[in-house]
Every structure is written in C-alpha cells, then in structure tokens.
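So you can see what is in the structure, the chains are spelled out below.
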Amino acid sequence: MSQVIREALAAWLTPAESSEHRIPTALRSTGVNISLINVAQVAVNELETDGDAAFGFISQGDLVVGFNAYTLAPGSAGAATAALSDPEVRRWLGESSVQGRAATISPLSAQIPQQPEEISQPKQTNQQQEPAQHSDRTEQACVALTFDDGPSGSTTPKLLEILTDKQATATFFMLGQQVRSFPDMVADIAAAGHEIGNHTWEHPSLPSLDKEMIRQQIADTNRAIADITGRTPTLLRPPYGATDEAVTVISSELGMAQIMWNIDTRDWDHHDPAQTLAAVKLARQGDIILMHDIHAETIAAVADVIDVLREQGLTLATISDMLGDTSPGKIYYSARSEEGER
Ligand code: NI
C-alpha cells in the first residue's frame, strides 16, 4: 500500500475499539486527494498481493474495507474495519463502480467479517428437520467444538497453538474470503488434524439469495479450501443458521450436510471468557458448540473450555468424527438422535 494512502487511512482508522468510520470525511481532512474507489482498489491489490486487506459491500450498500493486524497499526490493536455509508459510497464511486456495486450487493447481505452477529438459535424457514444421525462414536461421549468466521491472522494462530497443546480437535467453519486471505493458516489447521467446513464466501443469509448466488457462495468456498487442503468440505454451516428449501436442495446437490449447533456461547456478543465458559459447562454428549475464532476473548477461554469438557468425561471430536457419515442436505443440531434435533 502506498505510503500516502497508508498514512491517510491510519489517521482516520482507530483499530479494534471502533470499527465504523467514514472514509471521505477523514480523507478530506487529511487533504489527500483520493477517491473511495482508490481505497477499494488498494484494498483489492493488498488482498491479491499479500493478503493485507479485504473489501466488500454490505446489504445496505455500505462499503466495508478490512485490514488485518499490522497493516495500519501495531499488531496488538488487531484487525481494523472501516464501513462507509451508502450515500457517501455513492457520492465517491465512479459510474462503473456504481454498476459494480449494484451487481455486487443485490440481493447479497454480506457481513463485516470482524463483526459477525449470529442469532442465538438457528433459524428455520420452511424446513422440516430430519433427525440427526446417531453413530456409535457418540457412545464415547463426544462433544464438538466449532469455530466460525475465520481463519483470522490475528487470533487463529493462538487457538491452533492451544488446541495442539491440549491435543484437542475442533471443526473450523471458514469464510471463503478469509481462506483466500490466510491460505497458510488453512493449511496449518488441516495439517493439525482439524476438520474444515464451509461457512460461505462472505457470510450472507443464504435464504435471501437467488439459487445461483447460493450455489456460488458455497461452491467458491469449497474450491478455495480444496485448493489448499486437497479435500472438498462436506459440511456447510449456513450463516446465522439460516436455511430454507433452496439452501437444502443446493447443499444436497453439492454433497454437503448442514451443521447447526445446540450450544451457543454467544461469544461474539459478550466478549467475556467467563460467559463462554459458563455456556460450555452445560454441554452434554453429542452437543455441537458454537464459537468464533476471530475474537481474542474467545481464544482466551478455549483452554478452560477444553478442561471443563474433559472434566465432565467428554471427548473432543470433529463434527465428522462425532456424527459419522452425514447425509447431504440434512440438517444437524447435535448427535443426539434420541431427542430429535436439539
Ligand atoms: Ni458466522
């Protein structure tokens, strides 16, 4: 990133604490003659060269530019995200960019990767659930830790270290855009024996998309993961747990089971290791536990989470180890078929 742009952005971006800023005002105040599309282009260049930035439009038309730790500030500040409001975006974008934006967002509702807002329970839309499959592996009192929205350059390495120290396995539901940004991390996770699942490319609510876009969100992410690991994921975690008939049909066609959860730590909401730990203490055999490896406070809880689960006689397993063979399209909330989905 050119020095002048980096300085302009650094002057206006305050990483970690506040994640929403308005580029145009700040850039105007710096006196740097730069248009928003330049910023977007810089972000794209960064992404393609050394993976230092990502950008995208969210549903309201706002432009989101994300920078990894170290790009704009000391690494301890973590990743930084800037959101630009729709009116300002439109004012700053050129004609062709406006068209590109329209094509990009409609009807997508992508998420700011650093700020996922999972709902507390998976949504069910016109969906008749089938019982989760019972495998004999669940007789070993397994439980599955799942980490969504990563990998993150700033937090995932530490998680991987903890899991290795504890000799624990987990399942990572990755966003394609993060996979593209952190290919080495993906390779490390796979090499460590963890399972990698698909969390779509950029975290849209899939039922809001048309069929081609649903397929693209899933297939592109599968391809990105397979390019690195040599294995195509068979597990899909729909963002927000939102699914419907179309998502189910496409998942089935792509050979993917839909993996929800039945224990939500709400780590993204409270950012409190104690609350994450408290949620996990309720875990029983066959449970699927939802966490996010993009928050430092989540990582801070993981060692205790593992200890607490083991003290309860539970063995940590990947989703596939716990569920056994999964059926494409089918929705799983836990491995406890005797009580239905939850
Ligand atoms: Ni998510």
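Residues numbered from 1 in each chain as written. Predicted model: local features only at pLDDT ≥ 70, side-chain atom pairs only at ≥ 80, totals over all residues. Heavy atoms only, no water.

This part is about the packing of helix α6 (residues 156-165) against helix α8 (residues 183-191). As a packed pair, α6 and α8 sit with axes 11 Å apart at the nearest point and diverge in direction by 10°. Classified by the angle between their axes, α6 and α8 sit roughly parallel to one another. Here α6 and α8 pass one another in a crossing that is left-handed. Mapping the contact onto sequence places T156, P157 and L160 in α6 and M185, D188 and I189 in α8. By residue class, the composition of the contact of α6 with α8 is four nonpolar, one polar and one charged. (Axes fitted to C-alpha atoms, helices over the stretch in contact; angles between N-to-C directions. Helix = DSSP H or I, 4+ residues; strand = E, 2+ residues; numbered from the N terminus. Parallel < 35°, antiparallel > 145°, perpendicular 65-115°, else oblique. Left-handed = near helix turned anticlockwise from the far one by under 90°. Contact = heavy atoms within 4.5 Å. Nonpolar A, V, L, I, M, F, W, Y, C, P; charged D, E, K, R; others polar.)

Two numbers describe how α6 lies on helix α13 (residues 296-311): the axes approach to 9 Å, and their chain directions differ by 15°. The orientation of α6 with respect to α13, classified from their angle, is roughly parallel. The way α6 lies across α13 gives a crossing that is right-handed. Facing K158, L159, I162 and L163 of α6, the residues of α13 in contact are I299, V302, A303 and I306.

All right, on to the pairing of strand β6 (residues 195-198) then. The alternating pattern of β6 places E195 and G197 and I196 and N198 on opposite faces, both of which are buried. Pairing analysis gives four bridges linking strand β5 (residues 171-174) to β6, with the strands arranged parallel. Residue pairing for β6: T171 is matched across the bridge by E195. (Buried < 20%, exposed > 50% of the residue type's maximum accessible area, 1.4 Å probe, protein only. Pairing = 2+ DSSP bridges.)

Before going further, it helps to spend a moment on the environment of P273. By the element assignment, P273 lies in helix α12 (residues 273-280). Residues P273 and I299, 26 residues apart in the sequence, show an inter-C-alpha distance of 8.2 Å. Aside from chain neighbours lying at most four places away, what touches P273 is E297, A300 and A301.

Further remarks concern the pairing of strand β4 (residues 142-148). For β4, the tally of buried residues reaches seven of seven residues, placing the bulk of the element in the interior. Burial along β4 is two-sided: the residues C142, A144, T146 and D148 and V143, L145 and F147 are all buried. Relative to strand β11 (residues 315-316), β4 runs parallel, the two being bridged by two bridges. Note that in β11 the partner of C142 across the bridge is T315. Of the strand pairs in this sheet, β4 and strand β10 (residues 288-292) are connected by five bridges, and their pairing is parallel. Residue pairing in the sheet places T146 in a bridge with L290 of β10. Note: β4 against β5, three bridges, orientation parallel.

Here we take up the nonpolar core. Grouped together as the largest cluster of nonpolar side chains are 37 residues, with contacts concentrated most on L145, I289 and L309. Taken together, the elements giving at least two residues each to this core come down to β4, α6, β5, α8, α9 (211-229), α12, β10 and α13. In terms of residues, this core owes the most to one element, α13, which gives seven residues. Within the second largest apolar cluster, 18 residues are counted, among which are A144, F173, I259 and A317. (Core = buried A, V, L, I, M, F, W, Y, C linked by side-chain atoms within 4.5 Å.)

Take the side chain of T318 next. As for its position among the elements, T318 is in the loop between β11 and α14 (319-323). Owing to a relative accessible area of 6%, T318 belongs among the buried residues under this scheme. A polar side-chain atom of T318 sits 3.1 Å from the main-chain amide nitrogen of D321. If we ignore the near neighbours within four places in the chain, the residues touching T318 are T169, A170, T171, G193 and E195. (Polar contact = N/O pair within 3.5 Å; in protein donor to acceptor, adjacent residues only side chain to side chain.)

Attention now goes to the confidence of the model for the protein chain. Of all residues in the protein chain, 58% attain a pLDDT of 70 or more, and the chain-wide mean is 75. Taken as a whole, residues 106-121 scores under 50 in pLDDT and shows 67 contacts with residues more than four places along the chain or in a different chain. (pLDDT = per-residue confidence, 0-100.)

T276, L277, A279 and V280 are the residues of α12 that are buried. Looking straight down α12, one finds its buried side chains confined to an arc of 160°; they lie on one side. The secondary structure elements touched by the buried residues of α12 are β9 (263-264), α11 (267-270), β10 and α13. Here α12 starts with a cap whose side-chain oxygen sits 3.0 Å from the backbone nitrogen of A274, and that cap is D272. (Arc of directions from axis to C-beta.)

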